Amino acid sequence: MESQKQRLMEEEVVLDSGEKRLNELGYKQELRREMTLFKAIAIAFSTMALFAGSTPFYGLSLQYAGPACLVWGWVVVAFFTCFVGVAMADICSSFPTTGSLYFWAAHLAGPKWGPLASWCCAWLETIGIVAGTGTQAYAGAQVLQNIILLSTGTNKNGGYFAPKWLFLCMYVGVTVVWAVLNTFTLQVVAILDVISIWWQVIGGIVIIIMLPLVALTTQPASFVFSHFEMDPEITGISQKPYAVVLSLLVSQYALFGYDAAAHLTEETKGADKNGPIAILSSIGIISVLGWAYILALTFSIQNYKYLYDPTNETAGAYVPAQILYDAFHGRYHNSAGAILMLFIIWGSFFFAGLSNTTSAARVIYALSRDGGVPFSKIWRQLHPKNKVPANAVWLCAAFSILLGLPILEVSAVFNAIASICTIGWVGSYAVPIFARMVMNEKNFKPGPFYTGRASKPICLVAFLWICYTCSVFLLPTYYPISWTNFNYAPVALAIALGLIMLWWVVDARLWFKGPVRNIDGLKV
């Protein structure tokens, strides 16, 4: 008995602080804990991505209400995102587990409501994060489509605009590449994510500085910061408040995904400290650089109306590509510079999708570990050599590919997938934050990062902001509504969540108890 106590004391001395807390929560260390703080920040930063969030919705948001709402909307969204980030960092410090959000929900909601809270949170997050891989694949294929177009002569000079079948092939191809890379050791993905952070920081700074300098003319500050302009002939939206609300879509889509650092806490050294730091650092970096990128694009606009002209060089299909083309072609009379800048942006989508696949696989692995996914035994298996959830990786890839199949027939696929992604992913944040807000503070065991008395009001602001964000992504984005512009995200989510809750009522509530301990009778 004495020798066993001595052994446990010796183990406690050498245990990583994150692993120690993991053991206290009832989980043994199975994944390799080799991630440093910098690599954790790199993965969170890569999942949010400097260009991947702000580029796809830039043209659409600009069209709703003009540049002023787009530019100042980013600042407003970044401000409220900080509340969500701080609330999550506070919880992450106390619960540094791979299951992160749904694990937090289970423990914070208590024994009575914990299983239901955990179930709802887990499936919201799973839907959102798997759809997130689809959005990165789609947006990356969009950029690649424009690179091919400009490389072969532009829309005006017989350039090749990839048809839908080829677009789908690009979508599927990059998704498979991400799955293959995530089947290797986490160290390989971590190295690529370190490359990613430098790619995006250096590439971002290059574009932010070079674009306004290359452009023959730049817009005045009055246009960028105070010009309001609607386009009801195209969007069908004539109400100013509605237009302003929709103009914030670019910012709300860009500023989430920072929970990626929490998904990897079982693989991060000192996760109870480094997890919260990674969450807040990624929000800060993306907020500053993302705003600078939006300013660079907006100042560099040469002809505002021409951006949406279907006869322009990029077929009016991708506003950022047209801004880059106008700037570089106007100065150098060729599109080489614009192609290079688009390649930097495409790299951002590639790295974001890679990190997103990493996070998605960890979510499914954690939920499978607790029996919450059909055929859980398959998805919770680790690769025997690399110790990564390879089966979960390929399951994520398969569902992402299925989400992209409507590309062949429906033109509004990206808006729908992005809405599903945002509502599911951001909506899953609301469950543990709400549980944290209403729980008795005496029952909360704080970690090294703790907001103390400020935690309740911070959680309240964060929860209300999340509810608002999810509501916006359910709205129609064009009028009159037709089959070609219909935002089918509400229908898809209603069906998916309806089936999930039906499963809960009929069967899952009888056996699903939330996170399952895999350490029996051991307290560290």
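No experiment lies behind these values; they were computed from the predicted model shown.

Q: How do you make sense of the overall build of the chain when you look at a structure like this?
A: Along the chain, the regular secondary structure elements total 22 helices and zero strands. Residues classed as buried in the chain amount to 59% of the 524 residues present. Of the contacts made within the chain by residues no fewer than 6 positions apart, 83% connect residues no fewer than 24 positions apart.

Q: In this structure, what is going on with the layout of surface pockets? I would like to understand it.
A: To find the voids left in a structure, one rolls a probe of water-molecule size over its atoms. The calculated volume of the second largest pocket comes to roughly 660 Å³. Every residue lining the second largest pocket is counted, 21 residues in all, and those nearest its centre are Trp123, Ile127, Phe399, Leu403 and Ala496. Elements represented by at least two residues in the lining of the second largest pocket include exactly α7 (100-151), α19 (390-404), α20 (413-438) and α22 (489-506). Partitioning the lining of the second largest pocket into residue classes produces 20 nonpolar, one polar and no charged.

Q: Honestly, the pattern of salt bridges in this entry has me stumped. Any pointers?
A: Two side chains carrying opposite charge are able to pair once their charged atoms lie near each other. Applying the stated criterion across every chain, the model contains five salt bridges. In this structure, Glu313 engages Lys156 in a salt bridge whose closest nitrogen and oxygen atoms are separated by 4.0 Å. On the criterion of sequence distance, the pair formed by Glu313 in the loop between α15 (271-299) and α16 (319-332) and Lys156 in the loop between α7 and α8 (164-183) is long-range, its members being 157 residues apart. For Lys156, a relative accessible area of 47% translates into the label partly exposed.

Q: Looking at this structure, how should I read unusual backbone geometry?
A: The general pattern is negative phi for most residues beyond glycine and trans for most peptide bonds. At Thr154, a residue that is not glycine, the phi angle is positive and equals roughly 70°. Counting through the fold element by element, Thr154 comes out in the loop between α7 and α8. In this structure, His333 is a non-glycine residue whose phi angle is positive, near 60°. The topology assignment puts His333 in the loop between α16 and α17 (336-369).

Q: Looking at this structure, how should I read a nonpolar patch on the surface?
A: Taken together, the side chains of Val491, Ile495, Leu499, Leu502, Val505 and Val506 make up a nonpolar region of the molecular surface, amounting to roughly 570 Å² of accessible area. Residue classification places Val505 among the partly exposed residues on the basis of a relative accessible area of 48%.

Q: How should the packing of aromatic side chains be read in this particular structure?
A: Any aromatic ring pair is given by two values, namely how distant the centres are and how the planes are angled relative to each other. Throughout the structure, instances matching the rule amount to 35 aromatic pairs. On the numbers, 4.9 Å between centres and 75° between planes, the contact of Trp119 with Trp503 is edge-to-face. Of this pair, Trp119 sits in helix α7 while Trp503 sits in helix α22, and the two are 384 residues apart along the sequence. Taking the centre distance of 6.2 Å and the plane angle of 55° together, the rings of Trp503 and Trp511 count as tilted.

Q: Mind showing me how you'd approach the packing of α8 against α19 here?
A: Helix packing for two helices is described by the angle between their axes and how far apart those axes are. Relative orientation of the contacting elements α8 and α19 amounts to 170°, with a least axis distance of 9 Å. The angle between α8 and α19 places the two elements in the roughly antiparallel class. Taking contact as the criterion, the partners of Leu168, Tyr171, Val172, Thr175, Val176, Ala179, Val180, Asn182 and Thr183 in α8 are, on α19, Ala390, Val393, Trp394, Ala397, Ser400, Ile401, Leu403 and Gly404.

Q: Could you clarify how one ought to interpret the side chain of Glu229 in this entry?
A: When you line up the elements, Glu229 lands in the loop between α10 (221-226) and α11 (232-235). Excluding residues within four positions of it along the chain, Glu229 makes contact with Gln63, Tyr64, Ala65, Gly66, Tyr304 and Lys305.

Q: How should helix α5 (residues 58-65) be read in this particular structure?
A: For an α-helix the count is 3.6 residues per turn, leaving residues at separations of three or four pointing the same way. For α5, a buried count of eight out of eight residues is recorded, marking the element as mostly surrounded by other parts of the structure. Downstream of α5 by a residue or two, Gly66 has a phi angle that is positive, lying close to 85°.

Q: For this particular structure, what's the right way to read the nonpolar core?
A: In globular proteins that are soluble, nonpolar side chains generally tend to be buried together. By size, the foremost hydrophobic cluster in this structure holds 165 residues, and its most contacted members are Tyr58, Val84, Trp104, Tyr258, Tyr429 and Ile433. Sort the elements by how many residues they give to this core and α7 lands first, with 23 residues. Not counting chain neighbours up to four residues away, the residues in contact with Tyr58 comprise Leu70, Val250, Ile294, Leu297, Thr298, Ile301, Val319, Pro320 and Ile323.

Q: Hey, could you run me through helix α12 (residues 240-247) in this one?
A: Of all the positions in α12, only Tyr242, Ala243, Leu246 and Ser247 are classed as buried. On an axial view of α12, the arc spanned by its buried residues comes to 135°, and they lie on one face. When the buried face of α12 is taken as reference, the exposed residues oriented beyond 90 degrees from it are Lys240 and Pro241. The secondary structure elements touched by the buried residues of α12 are α5, α6 (67-94) and α13 (249-254).

Q: Explain the packing of α17 against α19 here, please?
A: One can describe the packing of α17 onto α19 by two numbers: an axis separation of 8 Å at closest approach and a directional angle of 115°. Our classification of the angle between α17 and α19 gives roughly perpendicular. Crossing handedness for the pair α17 and α19: right-handed. Together, Thr357, Ala360, Ala361, Ile364 and Tyr365 of α17 and Ala392, Val393, Leu395 and Cys396 of α19 make up the contact between the two elements. Here the contact of α17 with α19 is composed, by residue class, of eight nonpolar, one polar and no charged.

Q: Help me understand the confidence of the model for the chain in this model?
A: Low pLDDT marks regions whose predicted coordinates should not be analysed in detail. Summing up the model confidence of the chain, the mean pLDDT is 83 and the portion of residues at 70 or higher is 87%. Within the model, pLDDT remains below 50 along residues 8-13, and this stretch shows two contacts once partners closer than five positions in the same chain are excluded.

Q: What is the right way to read the environment of Val174 from this model?
A: With respect to the helices and strands, Val174 occurs in helix α8. Val174 gets classed as buried once you look at its relative accessible area, which sits at 14%. With 36 residues separating them in the primary sequence, Val174 and Tyr138 have C-alpha atoms 9.5 Å apart.

Procedures and definitions
Residues numbered from 1 in each chain as written. Predicted model: local features only at pLDDT ≥ 70, side-chain atom pairs only at ≥ 80, totals over all residues. Heavy atoms only, no water. Helix = DSSP H or I, 4+ residues; strand = E, 2+ residues; numbered from the N terminus. Buried < 20%, exposed > 50% of the residue type's maximum accessible area, 1.4 Å probe, protein only. Contact = heavy atoms within 4.5 Å. 1 Å grid on protein atoms, 1.4 Å probe; cavity = no way out; pocket = protein on both sides within 12 Å on 5 of 7 lines; lining within 4 Å. Points joined across faces, edges and corners; volume = space filled by probe spheres on them. Nonpolar A, V, L, I, M, F, W, Y, C, P; charged D, E, K, R; others polar. Salt bridge = Lys/Arg side-chain N within 4 Å of Asp/Glu carboxyl O. Patch = residues over 30% accessible without salt bridge, like charges linked within 9 Å, V, L, I, M, F, W, Y side chains within 5 Å. Areas by Shrake-Rupley, 256 points an atom, 1.4 Å probe, with all protein chains shown as cover. Phe/Tyr/Trp six-rings, centres within 6.5 Å; stacked < 30°, edge-to-face > 60°. Axes fitted to C-alpha atoms, helices over the stretch in contact; angles between N-to-C directions. Parallel < 35°, antiparallel > 145°, perpendicular 65-115°, else oblique. Core = buried A, V, L, I, M, F, W, Y, C linked by side-chain atoms within 4.5 Å. Arc of directions from axis to C-beta. Left-handed = near helix turned anticlockwise from the far one by under 90°. pLDDT = per-residue confidence, 0-100.

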